[in-house]
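# Residue-level structure breakdown
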Amino acid sequence: MSAHPWVLVAPWYRWDRPAVPGAGRGTAPAFQKFSSDTYVLDFLANPQHSLRFEPGVDEVQELHYTAAPKILPPAALAGKITSLFPTGKKGQPGPFLTSLRPTGLRKIYLDTHSRHYLVVCELHCDLAGFPSPDAREVCQAGLVVRRRHLSYPDSARAEAQAIVKDLVAVDRAIAALRGAAPGADCGCGPSRDQTLATRLRSLFKTAAPSLPALEETRAGLNTRLAAWRGRAGAHWLLEGWIPGDRDRIGAWGLVEDEPQDLVEAWSPMWALFADPARPDHDAAGRTIFYGVLPSASFDTDLAGKARFDDHTTYEVRCFVRRHDPRCPRGAAPDCRGELVWSRASERYRLAPPFDLLGTSNRPVTIQLPNLAELAAQATQLPIGKFSPIKIIQPQSLSPKVQDGVCTSGTMGGPAICFISIPLITIVAYFVFSIFLPIVVFVFGLWFLLAFKFCIPPQIDFGVGLELKLEAAGELGLDLDADFNINVEVAGVLTPVSAATLNTELKTTLAGGFADAYGFDPGDVGDGLADFSSTPLKGLADVGLEIEALPADVAADPPVRGNIEADVHFETPVTRMGTRA
């Protein structure tokens, strides 16, 4: 029985120098990502074989709003709107440009996004050589999910916010000078960050300071922030989920960093045993533990607030309990042996359930009923045979429709209705088809049309517009600025200006969207008339892609391409001296 101190670290294959003892000390448990629903079995067979965390995809993106630039006279498009998004962060009237910028914070997708995660750690004796203790000396292993926040007086908030805003501006300017991507643009307008320039001018008296000046200022701001923490008495608080007396009811409460009495909710971890038939198994000669990272829970607090959400930052701590040899073996925990804690994992947030990238990972096919087949079956069997859904109404609500319009309704007595599932499906899709164009048109959310298209394509933009847009792009023209060029269309040299291109974009989009979504062309034209050419080009690009789609419905062409094309696995590593 080992009496040496223990440490919990990352698994050896996630060290900077795999399996080199000095590289393992000070590491934290690792997250491993999977797409298969059999991910635990896959991990047991090949622990290293997990999905790679991709920049941008697997990190939280912060949404930024910037007031859209104005086009001033005497420009031909003066006064037109340069962005498709109508409001600011707090609902102030726009227009505003929106963009996503990476934060470096890990993003954890949900099970419904076809992504699963394991937390993996490795146990060692804190001795020379970093030996592994016997897993049988551990009588309990688990992980806890915690959240951390900085506590400080409200009176100190304004000073900290000013320092942080300056730091963010300086960091973004440094990233731009070093060639780092500033973040994904939503395509709602040109990328002109006036806010950053204004902030830099207030710090440096210029919007383009040098890299040494930026780095010097960043160091000074960090010093100011550290001094603020000292003056304000700011300190980090750790909270764990404390179960209540009733099942599924609990609350976030303050916990110790490395407690010896476990009062917070925890999830089990299991020892990873090597396949004896495979001497090169990643767990051979190691003491590795793994557990499922919780991404959802039915637990709530007394106010009904869910334990997990998509805006709180979390971290994980792993622990093992050293079995007390004076106690008999039993169900974990079978003694009050020492709890050994890992370092905190990387911080993370959960993806929202409706996350666009996450929901795209799990394609869904909905087959609508064949109306001709339903017509053939409607009178073939006894009444009720095809209507398995029973709806009991204490009060029946009956609409009155006249000339295709719902004019009124009545509330009657109790009623029982029987409905066919195909009928519900048909009506639901019909309602969606009706309300999509209404929502887009009423609220001016034209960009939503990028998320719905059909085969065969119902948009026809023609070759002329595409050629003109290509020519403008090749010349690097700002579509919202005045220009005059000549473009060859069908063998004829055609003059194109900022005003004529804007008019053609509006007219073509109005006709295309009217055909595809059931709009009135005049109404669409009126709705798009206020926009400049840059946001209209974004819509046109979507329309041109839709127009190029295959038209053969029977072939069910793979429009999305290979959904696994962007899935990459971690590169396997070897232990020095053990594997080739």
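In case you missed it, the structure is sitting above this.
Residues numbered from 1 in each chain as written. Predicted model: local features only at pLDDT ≥ 70, side-chain atom pairs only at ≥ 80, totals over all residues. Heavy atoms only, no water.

### Considerations on helix α5 (residues 211–232)
Its 22 residues place the ends of α5 31 Å apart at the C-alpha level, agreeing with the 32 Å of an ideal helix rising 1.5 Å per residue. Of the positions making up α5, those classed as buried are Leu214, Leu221, Leu225, Trp228 and Ala232. Buried residues of α5 fall within an arc of 60° about the axis and therefore sit on the same side. Opposite its buried face, α5 presents the exposed residues Pro212, Glu216, Thr223 and Gly230, each directed more than 90 degrees away. A positive backbone phi angle near 70° is found at Gly233, which sits one or two residues after α5. (Helix = DSSP H or I, 4+ residues; strand = E, 2+ residues; numbered from the N terminus. Expected span 1.5 Å × (residues − 1). Buried < 20%, exposed > 50% of the residue type's maximum accessible area, 1.4 Å probe, protein only. Arc of directions from axis to C-beta.)

### A look at the packing of helix α10 (residues 498–517) against helix α12 (residues 533–547)
It is the contact of α10 with α12, at a shortest axis distance of 10 Å, that shows an interaxial angle of 45°. Taken together, the axis directions place α10 and α12 in an arrangement best described as oblique. In this structure, α10 crosses over α12, and the sense of that crossing is left-handed. Here Ala498, Leu501, Asn502, Leu505, Lys506, Leu509, Phe513 and Tyr517 of α10 lie close against α12, whose contacting residues are Ser533, Leu536, Lys537, Leu539, Ala540 and Ile546. Among the residues making up the contact of α10 with α12, the classes are represented as ten nonpolar, two polar and two charged. (Axes fitted to C-alpha atoms, helices over the stretch in contact; angles between N-to-C directions. Parallel < 35°, antiparallel > 145°, perpendicular 65-115°, else oblique. Left-handed = near helix turned anticlockwise from the far one by under 90°. Contact = heavy atoms within 4.5 Å. Nonpolar A, V, L, I, M, F, W, Y, C, P; charged D, E, K, R; others polar.)

### Digging into the state of the cysteines
This model, assessed by the stated rule, comprises zero disulfides. Left without a disulfide partner, Cys327 is nearest to the cysteine sulfur of Cys335, which lies 5.0 Å away. By relative accessible area, which is 26% here, Cys327 ends up partly exposed. With no disulfide of its own, Cys417 lies closest to Cys406 among cysteine sulfurs, the gap being 16 Å. (Disulfide = S-S within 2.5 Å.)

### Considerations on helix α9 (residues 463–474)
A rise of 1.5 Å per residue sets the reference length of α9, with its twelve residues, at 16 Å; its end C-alpha atoms lie 17 Å apart and thus fit the reference within 8%. Looking at α9, one finds that the buried residues are Gly464, Leu465, Lys468, Leu469, Ala471 and Ala472. Taken down its axis, α9 places every buried residue within 160° of arc, on the same side. Of the residues in α9, the exposed ones pointing more than 90 degrees away from the buried face are Val463, Gly473 and Glu474. The secondary structure elements touched by the buried residues of α9 are β21 (484–489), β22 (492–497), α10 and α12. Of the residues one or two after α9, Gly476 is the one with positive phi, at around 70°.

### Observations regarding the layout of surface pockets
Of the volumes computed, that of the second largest pocket is approximately 410 Å³. Along the walls of the second largest pocket sit 18 residues, with Leu374, Ala378, Phe386, Ser420 and Pro422 positioned nearest its centre. Of all the secondary-structure elements, those providing two or more residues to the lining of the second largest pocket are α7 (371–377) and α8 (421–443). Class assignment for the residues of the lining of the second largest pocket results in eleven nonpolar, five polar and two charged. (1 Å grid on protein atoms, 1.4 Å probe; cavity = no way out; pocket = protein on both sides within 12 Å on 5 of 7 lines; lining within 4 Å. Points joined across faces, edges and corners; volume = space filled by probe spheres on them.)

### Focus on the nonpolar core
Of all hydrophobic cores here, the largest spans 36 residues; its most connected members are Trp446 and Phe519. Listing elements by their share of this core, those giving two or more residues are α8, α9, β21, α10, α11 (521–528) and α12. Broken down by element, the residue count for this core peaks at nine residues, all from α10. The contact partners of Trp446, leaving out residues within four places of it in the chain, are Val440, Phe441, Phe519, Val524, Gly527, Leu528, Phe531 and Leu539. Core analysis: the second largest hydrophobic core is formed by 31 residues, Trp6, Cys125, Val138 and Ala351 among them. (Core = buried A, V, L, I, M, F, W, Y, C linked by side-chain atoms within 4.5 Å.)

### Some words on unusual backbone geometry
The phi torsion of most residues other than glycine is negative, and most of the peptide bonds are trans. Looking along the chain, the bond that leaves Gly94 and enters Pro95 is cis, with omega of 10°. Mapping Pro95 onto the fold places it in strand β5 (residues 93–108). For Ser114, which is not glycine, the phi dihedral falls at a positive 60°. With respect to the helices and strands, Ser114 occurs in the loop between β5 and β6 (116–125). The phi dihedral of Arg248 falls on the positive side, at around 70°, and the residue is not glycine. Tracing the sequence through the fold places Arg248 in the loop between β9 (235–243) and β10 (250–254). Taking relative accessible area as the criterion, Arg248 reaches 43% and is therefore assigned partly exposed.

### Here we look at empty space enclosed by the protein
Summed over all chains, the structure comprises one cavity of 30 Å³ or more. In terms of residue class, the lining of the largest cavity is built from six nonpolar, one polar and one charged.

### Thoughts on the pattern of salt bridges
Inspection of the entire model under this criterion finds 22 salt bridges. A salt bridge links Arg326 to Asp324; the shortest N-O distance between them is 2.7 Å. What makes Arg326 exposed here is its relative accessible area of 73%. The exposure class of Asp324 is buried, given its relative accessible area of 15%. Lys468 is paired through a salt bridge with Glu504; the nearest N and O atoms lie 2.6 Å apart. Of this pair, Lys468 sits in helix α9 while Glu504 sits in helix α10, and the two are 36 residues apart along the sequence. Overlapping salt bridges, with partners in common, bring together Asp257, Glu258 and Arg317 in one network. (Salt bridge = Lys/Arg side-chain N within 4 Å of Asp/Glu carboxyl O.)

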